[in-house]
Amino acid sequence: MTQQTSVQAAAASGVAPLPPIVEISSVSKSYGNVEVLHGVDFRVMPGEVVAIIGPSGSGKSTLLRCINHLEQIDSGTVVVADELIGYRRSGGDLFELPERLTAKQRRATGMVFQSFNLFPHLTVLENITLAPLKHRVSSKAEVAAEAHRLLDKVGLGEKARSYPGELSGGQQQRVAIARALAMKPQVMLFDEPTSALDPELVGEVLEVLKQLAETGMTMIVVTHEIAFAGQICDRIVFMEDGRIVEDGPAAQVLAGPREERTRTFLSRVL
Ligand code: ADP
Ligand code: MG
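First, a word on what this report is: a plain description of the structure on this page. A quick note: this is a predicted structure, and the numbers were derived from the prediction, not measured. (Residues numbered from 1 in each chain as written. Chains lettered and ligands numbered in written order. Predicted model: local features only at pLDDT ≥ 70, side-chain atom pairs only at ≥ 80, totals over all residues. Heavy atoms only, no water.)

### Digging into the overall build of the chain
Each helix and strand counted, the chain has ten helices and twelve strands in total. Whereas a compact globule of 270 residues would reach a radius of gyration of roughly 18 Å, the chain reaches 19 Å, a difference of no more than 12%. Of all 270 residues assigned to the chain, the portion counted as buried reaches 49%. In the chain, 64% of the contacts between residues at least 6 apart in sequence involve partners at least 24 apart. Here the chain displays about 12900 Å² of accessible surface, and carbon together with sulfur accounts for 50% of that area. A distance of 6 Å separates the average location of the 27 positive side-chain charges in the chain from that of its 32 negative side-chain charges. (Helix = DSSP H or I, 4+ residues; strand = E, 2+ residues; numbered from the N terminus. Rg over C-alpha atoms; globule rule 2.2 N^0.38 Å. Buried < 20%, exposed > 50% of the residue type's maximum accessible area, 1.4 Å probe, protein only. Contact = heavy atoms within 4.5 Å. Areas by Shrake-Rupley, 256 points an atom, 1.4 Å probe, with all protein chains shown as cover. Lys, Arg positive; Asp, Glu negative; His and termini not counted. Charge placed at Lys NZ, Arg CZ, Asp CG, Glu CD.)

### A few points about the environment of G86
By the secondary structure assignment, G86 is in the loop between β5 (83-84) and β6 (87-90). A sequence separation of 118 residues divides G86 from E204, and the C-alpha atoms of the two residues are 35 Å apart. If we ignore the near neighbours within four places in the chain, the residues touching G86 are H69, F95, E96, L97, T102 and Q105.

### Side note on empty space enclosed by the protein
Considering all chains together, one arrives at one cavity of 30 Å³ or more under this definition. Approximately 50 Å³ is the volume found for the largest cavity. Lining the largest cavity are I128, T129, P132, V137, S138, V143, E146, A147, A182 and K184. At the level of secondary structure, the elements contributing two or more residues to the lining of the largest cavity comprise α4 (124-134) and α5 (140-153). Each residue belonging to the lining of the largest cavity can be placed in one class, and the counts come to six nonpolar, two polar and two charged. (1 Å grid on protein atoms, 1.4 Å probe; cavity = no way out; pocket = protein on both sides within 12 Å on 5 of 7 lines; lining within 4 Å. Points joined across faces, edges and corners; volume = space filled by probe spheres on them. Nonpolar A, V, L, I, M, F, W, Y, C, P; charged D, E, K, R; others polar.)

### Describing the layout of surface pockets
Considered as a void within the structure, the largest pocket measures approximately 660 Å³ in volume. Contributing to the lining of the largest pocket are 23 residues, with R106, M111, A131, R179 and M183 lying nearest its centre. For the lining of the largest pocket, the class distribution of residues is 13 nonpolar, six polar and four charged.

### Some points on the site of ligand 1
Lining the immediate surroundings of ligand 1 are Y31, V36, P55, S56, G57, S58, G59, K60, S61 and T62. One of the side-chain N or O atoms of T62 is found 2.5 Å from an oxygen atom in ligand 1. Element by element, the count of residues in the shell around ligand 1 is highest for helix α2 (residues 60-67), at three residues. Taken together, the residues that form the shell around ligand 1 break down as three nonpolar, six polar and one charged. (Near = heavy atom within 4 Å. Polar contact = N/O pair within 3.5 Å; in protein donor to acceptor, adjacent residues only side chain to side chain.)

### So, the packing of α4 against helix α6 (residues 169-181)
Two elements in contact, α4 and α6, have axes whose closest approach is 8 Å; the angle formed by their N-to-C orientations is 25 degrees. By the criterion of interaxial angle, the relationship of α4 to α6 is roughly parallel. Note that α4 runs across α6; the crossing there is right-handed. When α4 is examined against α6, the residues V124, N127 and I128 are found in contact with a partner set consisting of V175, A178 and R179. Classifying every residue of the contact of α4 with α6 by side-chain character gives four nonpolar, one polar and one charged. (Axes fitted to C-alpha atoms, helices over the stretch in contact; angles between N-to-C directions. Parallel < 35°, antiparallel > 145°, perpendicular 65-115°, else oblique. Left-handed = near helix turned anticlockwise from the far one by under 90°.)

### Quick look at the nonpolar core
The biggest cluster of nonpolar side chains holds 48 residues, and the ones touching the most others in it are I128, I177, M188, F190, L209 and M219. Sort the elements by how many residues they give to this core and helix α7 (residues 199-214) lands first, with eight residues. Membership of the second largest hydrophobic core comes to 28 residues, among which are I24, V40, I85 and A108. (Core = buried A, V, L, I, M, F, W, Y, C linked by side-chain atoms within 4.5 Å.)

### Let's talk about the pattern of salt bridges
Following the criterion strictly, the structure yields twelve salt bridges and no others. Across the salt bridge formed by E99 and R106, the nearest N and O atoms sit 3.4 Å from each other. Given the relative accessible area of 49%, E99 is considered partly exposed. Taken together, the salt bridges that share partners define one network made up of E142, E146, R149 and K184. (Salt bridge = Lys/Arg side-chain N within 4 Å of Asp/Glu carboxyl O.)

What follows is the structure, given as structure tokens:
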């Protein structure tokens, strides 16, 4: 992004920067006896837009899913907005939180999946208002008004009464983004939000992501859209085999990656 991030602005003004909004320390995760994340360290500052790129199977989705405790980590810690996700600390030990409390923590993050995951039997409006009504985010009237505002924002003001099956993939994904935003998350997580779309529908979804980034939303985007990552992301993180291989300013990672493995990957996808 060309505009200064909040972090850069704070640094330039001499004010101490804010603490990270996402801080992952030494996170390891196995499925069965296969370890797929090997002690990952990763932090995101408020307002930052970070792309995660890397080959299929490198652990990108798993890392996103660990951030909101859709997957349970085996060791390390995940802190989002000052909350230790999934655990409470007592003395030097960590104790698992009950699901009811992790569900509450999960609301700090909004997740958008490759496959949209809308409820097919609910209208667009009902898809967006379901969770905010259930969790009483605000009054019924305000939840509905906010849903309409969000639909306008993603360019679908006319589709409130439609069903997902009546929409294109690009429109469904924009509804999914509005639905995640309706819970007023502090961080948005996107897992390959355009990978399931026909090529002509990719642009409309990327445009919504770009607009969202411009509002100052903190975003972590797993994507294969490298050019897009270069345009809207502050940082690019390259993952391979369950490790972060490179993490730097977007322009620098794309123009002059430090690691040979990043260079090889980029030469294949660009
Ligand atoms: P990426 O998103 O980068 O393609 P993933 O995080 O989906 O990678 O997967 C990382 C590794 O973990 C892969 O080897 C994958 O096969 C494995 N994996 C992912 N999810 C599961 C699961 N639910 N059970 C077992 N193995 C899994
Ligand atoms: Mg994935």
